[in-house]
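Structural overview for review
Listed below are the residues making up each chain.
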Amino acid sequence: MTSINYERPEQEASVLVDDHAELNKLIVQLLVRLDEGDKARAFERLDLLWARLAVHIRAEHLWLFPSILSAPRAKFTARSGGPGYQEAQSAINHLRLDHDFFMHELGAAITTIRPHANVTDHEATSKQLRYVQNSVVKIQSRLEQHNQLEENHVYEWVNVLLGEAERLALTARIRHELAKLPPRFKV
Ligand SMILES: [Fe+2]
Ligand SMILES: [Fe+2]
């Protein structure tokens with residue numbers, strides 16, 4: 001008699017959704033440190049946020065988006081409950097623009113705060129910290145909408161467009177990509 005495994009296989013969506021939750025936590029911690037004027041610890045969180053968001057975005061660019069766009073055209077029908085092909089393409093284009101915005105803003109924030117991270121010039125640095133704070137608040141707000149589009153639509157499409165074996169392979173690739181943090185963040 002064969003035993004039945006009642007455990008649901010891990011899904012690519014849950015891996016990325018969990019990562020969104022962790023990125024959100026990081027942003028909240030970063031904003032607290034910026035609010036406290038704790039430059040060194042704010043910089044440390046900012047640097048980690050940049051690295052974590054970079055691998056998340058890379059996983060979506062390298063594996064998630066191509067998997068969706070290369071699914072058989074016949075699957076892109078309203079009958080399947082998935083998106084039309086144009087709809088998928090335009091949602092992904094929108095997400096890519098958001099990604100460019102996040103990485104550009106974070107890069108500028110890092111460049112702004114890095115020279116001041118360990119310096120005790122309060123007046124000069126409070127101006128830099130305010131700039132970074134504004135930038136992080138903009139990222140937080142756009143990321144919230146971005147993640148909703150992904151979690152409520154794009155991640156769900158994978159379940160309609162791909163077969164089980166392809167979904168499992170995609171999950172493994174995404175996990176692998178998310179683990180590729182620069183060595184300085186490895187514990
Ligand atoms: Fe994304
Ligand atoms: Fe995402």
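Further up the page is the structure itself.
Computed from a predicted model, the values in this text were never measured in an experiment.

Within the protein, Glu-60 (OE), His-99 (NE2), His-146 (NE2) and Glu-150 (OE) serve as the donor atoms for the iron ion (ligand 1), at 2.0 to 2.2 Å. Each of the 4 donor atoms bound to the iron ion (ligand 1) contributes to angles spanning 85 to 168 degrees, and the resulting shape is irregular. The sequence pattern describing where the donors of the iron ion (ligand 1) fall on their chain is E-x38-H-x46-H-x3-E. Here the iron ion (ligand 1) and the iron ion (ligand 2) are spaced 3.3 Å apart, linked through Glu-60, which binds each one. With Glu-60 in helix α2 (residues 39-69) and Glu-150 in helix α4 (residues 122-161), this pair connects stretches of sequence that are 90 residues apart. Both residues of the pair, Glu-60 and Glu-150, count as buried.

Moving on: the coordination of the iron ion (ligand 2). Note on metal sites: the ideal angle is 109.5 degrees for four tetrahedral donors, and 90 or 180 degrees for six octahedral donors. Listed as protein donors to the iron ion (ligand 2) are His-20 (NE2), His-56 (NE2), Glu-60 (OE), Glu-150 (OE) and Tyr-155 (OH); their distances from the metal cover 2.0 to 2.3 Å. All donor residues of the iron ion (ligand 2) come from one chain, and their arrangement in sequence is H-x35-H-x3-E-x89-E-x4-Y.

Calculation notes
- Residues numbered from 1 in each chain as written.
- Chains lettered and ligands numbered in written order.
- Predicted model: local features only at pLDDT ≥ 70, side-chain atom pairs only at ≥ 80, totals over all residues.
- Heavy atoms only, no water.
- Donors = N, O, S within 2.8 Å, 3.2 Å for Na, K, Ca; no water.
- Tetrahedral: all angles 85-135°; square planar, octahedral: opposite > 155°, others 65-115°.
- Helix = DSSP H or I, 4+ residues; strand = E, 2+ residues; numbered from the N terminus.
- Buried < 20%, exposed > 50% of the residue type's maximum accessible area, 1.4 Å probe, protein only.

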